[in-house]
Amino acid sequence: MIHEIILTTLSAEGQVHIAPFGIRWRGDQVLIAPFRPSQTLDNLLATRHAVINYTDDVRVFAGSLTGHADWPLRHAEQVQGRILASALSHQELELVEVKEDTTRPELYFRVVHEATHAPFRGFNRAQAAVIELAVLISRLHMLPLEKILSEYAYLKIAIDKTAGERELQAWQWLTDKLQNYQAEISGDNQA
Ligand SMILES: Cc1cc2nc3c(=O)[nH]c(=O)nc-3n(C[C@H](O)[C@H](O)[C@H](O)COP(=O)(O)O)c2cc1C
C-alpha cells in the first residue's frame, strides 16, 4: 500500500524543499524511494531528517509541479525540519538505512515524533482527481499524450461535481502545465 504525502526536507544550507512522495510502511519504518536525480534525495542524505505532512490541501501537490511552493511552514519539534501549516498531522523522521540503487535508492526511516493538528473530514473525489492528474503531469515526458488526455477528461467529471476552491486552483495549475506541454510538442512537430 502506498500513501501520497508531502515530504519537507532541508538542504545542507538550510533551504526548505517541498515535494510529493508515495510512502510505504515496512513494519514501523517508513520507506521512501526517490528517483535520481532528486533534490529531496540529496537533502535526505545530507541532513538525515525529513517531515511527512498528511494534508488534504491538494494545492501543495499541484503547486510543487507547477512552481507554486511558497506555503506557510513552522519549525518541526524534534528534528531540523519544517511542518506545513496545512498538515492535518505530521511525522518527524530520522534516516536509519539506505539501500543503494543507481536509479531509485530505498531509504528507511524511523518516526521520532508525531502529532495531529486537525480532523479528517472525509473523502473528496476532486482531491483524489487532483492527485491522479498530478501523478500524470509528473510523468508527462514518459506517457503517451492520448492516455493523459483521456484520463484528464475522466478525472474532470469529479472536479466539476465535487471541487471546492482549493481543488479548482490546483486543477487549473495542472491544466495550464498540460496545455503548455501540448503547445510545446505541437511546435516541435511543426519545426
Ligand atoms: C502524488 C505524487 C507522488 C510522487 N511520488 C514519488 C515517489 O515516490 N518517488 C519519486 O521519485 N517521485 C515521486 N513523485 C514525483 C516527485 O514529487 C517530483 O519528481 C519531485 O520533484 C521529486 O524531485 P525533487 O526531489 O528533485 O523535487 C511523486 C509526485 C506526485 C505528484
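A few words now on the overall build of the chain. Helices and strands together make up the secondary structure of the chain, namely 5 helices and 8 strands. In terms of overall size, the chain behaves like a compact globule, its C-alpha atoms giving a radius of gyration of 17 Å where 191 residues would be expected to give roughly 16 Å. By principal-axis analysis of the C-alpha atoms, the chain measures approximately 50 × 40 × 30 Å. Out of the 191 residues belonging to the chain, those deemed buried represent 40%. The long-range share in the chain, meaning contacts at least 24 apart out of those at least 6 apart in sequence, stands at 66%. Total accessible area on the chain stands at roughly 10600 Å², and carbon and sulfur atoms take up 50% of it. Computed over 18 positive and 24 negative side-chain charges, the inter-centroid distance for the chain is 4 Å.

In terms of domain boundaries, the chain breaks down into domain 1 (3–116) and domain 2 (125–190). Each of domain 1 and domain 2 was reduced to a C-alpha centroid, and the two centroids are 24 Å apart. Opposite the 12 residues of domain 1 that make contact, domain 2 presents 13 residues. Buried surface at the junction of domain 1 and domain 2, both sides included, amounts to about 1100 Å², of which 78% is carbon and sulfur. Three residues stand out in domain 1 for area buried against domain 2, namely Val58, Arg59 and Leu65, and they jointly supply 47% of the buried area on that side.

Here we come to the pattern of salt bridges. Enumeration over the complete set of coordinates arrives at 7 salt bridges. For the salt bridge of Glu100 with Arg36, the shortest nitrogen-to-oxygen distance reads 2.7 Å. Highlighted residues: Glu100 in the loop between β7 (89–99) and β8 (106–116) and Arg36 in the loop between β3 (29–32) and α1 (39–47), separated in sequence by 64 residues. On the accessibility criterion, Arg36 (37% relative accessible area) is partly exposed. Among the ionic pairs, Arg59 bridges to Asp57, the shortest N-O distance being 2.7 Å.

A word on the sheet that holds strand β2 (residues 16–26). Spatially, the 6 strands close up into a barrel ordered β1-β2-β3-β8-β7-β4, and their pairing is antiparallel. Neighbouring strand axes in the sheet, compared pairwise and without regard to direction, differ in orientation by 45° on average. Bridge analysis of β7 against β8 gives 10 bridges, and the strand direction is antiparallel. Along β8, the bridge assignment pairs Leu93 with Val111. Packed onto the sheet, α1 meets β1 (3–10), β2, β4 (49–54), β7 and β8 and runs at close to 60° relative to β1.

Spacing of three or four residues puts side chains on the same side of an α-helix, whose turn is 3.6 residues. The end-to-end C-alpha distance of helix α4 (residues 145–162), which contains 18 residues, comes to 26 Å, matching closely the 26 Å that a straight helix rising 1.5 Å per residue would cover. For α4, every residue scored as buried is listed here: Leu145, Ile148, Tyr152, Leu155, Ala158 and Ile159.

In the vicinity of the ligand, 14 residues are found, and the nearest of them are His17, Pro20, Phe35, Gln39 and Thr40. One of the backbone N or O atoms of Gly22 is found 3.1 Å from a nitrogen atom in the ligand. Contact distances for the ligand include 3.3 Å between an oxygen atom and a side-chain N or O atom of Arg104. When contributions to the shell around the ligand are tallied by element, the ones reaching two or more residues are β2, α1 and α3 (125–137).

Right, let's talk about the packing of α3 against α4 for a bit. To describe two helices that pack against each other, one gives the angle between their axes and the distance between the axes. Two elements in contact, α3 and α4, have axes separated by 8 Å at closest approach and are oriented at 155°. As the angle between them shows, α3 and α4 are arranged roughly antiparallel. The handedness of the crossing between α3 and α4 is left-handed. Every residue of α4 that contacts α3 at Arg125, Ala126, Ala129, Val130, Glu132, Leu133 and Leu136 is listed here: Ile148, Glu151, Tyr152, Leu155, Ala158, Ile159, Lys161 and Thr162.

Cut-offs applied
- Residues numbered from 1 in each chain as written.
- Predicted model: local features only at pLDDT ≥ 70, side-chain atom pairs only at ≥ 80, totals over all residues.
- Heavy atoms only, no water.
- Helix = DSSP H or I, 4+ residues; strand = E, 2+ residues; numbered from the N terminus.
- Rg over C-alpha atoms; globule rule 2.2 N^0.38 Å.
- Buried < 20%, exposed > 50% of the residue type's maximum accessible area, 1.4 Å probe, protein only.
- Contact = heavy atoms within 4.5 Å.
- Areas by Shrake-Rupley, 256 points an atom, 1.4 Å probe, with all protein chains shown as cover.
- Lys, Arg positive; Asp, Glu negative; His and termini not counted.
- Charge placed at Lys NZ, Arg CZ, Asp CG, Glu CD.
- Domains from an automatic or database assignment.
- Buried area = accessible area lost by both parts, 1.4 Å probe.
- Salt bridge = Lys/Arg side-chain N within 4 Å of Asp/Glu carboxyl O.
- Pairing = 2+ DSSP bridges.
- Axes fitted to C-alpha atoms, helices over the stretch in contact; angles between N-to-C directions.
- Expected span 1.5 Å × (residues − 1).
- Near = heavy atom within 4 Å.
- Polar contact = N/O pair within 3.5 Å; in protein donor to acceptor, adjacent residues only side chain to side chain.
- Parallel < 35°, antiparallel > 145°, perpendicular 65-115°, else oblique.
- Left-handed = near helix turned anticlockwise from the far one by under 90°.

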